[in-house]
Amino acid sequence: MSTTETALTAHIVMPAGHPGDAFLNEVCRTLHDSFGIQHATVQIEMGDSGVACELAPEHRV
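Just so you know, these numbers come straight off a predicted model, no measurement behind them.

Participant: Explanation requested: the pairing of strand 1 (residues 7-13) in the structure shown.
Facilitator: Taken residue by residue, a regular strand's side chains alternate between the two faces of the sheet. Here strand 1 runs beside strand 2 (residues 39-45); their pairing, made up of seven bridges, is parallel. The residue of strand 2 that forms the bridge with His11 is Gln43. Where the polypeptide runs from strand 1 across helix 1 (residues 21-35) and back to strand 2, its parallel neighbour, the crossover connection is right-handed.

Participant: When you look at the nonpolar core in this model, what are you seeing that I'm missing?
Facilitator: Taken as a class, soluble globular proteins show a tendency for nonpolar side chains to be buried jointly. Leu24, Val27, Leu31, Ile37, Ala40, Val42 and Ile44 together form the largest nonpolar core, which totals seven residues. Excluding its chain neighbours within four sequence positions, the residues that come into contact with Ile37 are Thr6, Ala7, Leu8, Leu31 and His32.

Participant: I tried to follow the environment of Glu45 on my own but got confused; where do I start?
Facilitator: By the element assignment, Glu45 lies in strand 2. The exposure class of Glu45 is partly exposed, given its relative accessible area of 27%. Remark: the alpha-carbon pair of Glu45 and Gly17, spanning 28 residues in sequence, is separated by 7.4 Å. Those residues in contact with Glu45 that lie beyond four places of it in its chain are His11, Ile12, Val13 and Met14.

Participant: How should I be thinking about the pattern of salt bridges in this particular structure?
Facilitator: Summed over all chains, the structure comprises one salt bridge. The partner of Arg29 in a salt bridge is Glu26, and the shortest N-O contact between them spans 3.0 Å. With Arg29 and Glu26 both in helix 1, this residue pair falls three residues apart, about one helical turn. The exposure class of Glu26 is partly exposed, given its relative accessible area of 40%.

Definitions and cut-offs
- Residues numbered from 1 in each chain as written.
- Predicted model: local features only at pLDDT ≥ 70, side-chain atom pairs only at ≥ 80, totals over all residues.
- Heavy atoms only, no water.
- Pairing = 2+ DSSP bridges.
- Helix = DSSP H or I, 4+ residues; strand = E, 2+ residues; numbered from the N terminus.
- Right-handed = clockwise from strand over helix to strand, strands pointing away.
- Core = buried A, V, L, I, M, F, W, Y, C linked by side-chain atoms within 4.5 Å.
- Buried < 20%, exposed > 50% of the residue type's maximum accessible area, 1.4 Å probe, protein only.
- Contact = heavy atoms within 4.5 Å.
- Salt bridge = Lys/Arg side-chain N within 4 Å of Asp/Glu carboxyl O.

This is the structure:
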């Protein structure tokens, strides 16, 4: 990564669990093709910790 690349870090809450690497590859490919994001870091969470993301609006958690 460099200062000339567009990057994204995201958390996705998926109660059913991690769908596998193929899903992550598709997400990264879609982000690149649709938005020009060259590097994406995606973290899958199941949402079962009882602790909501402090940065997310209440209606989305």
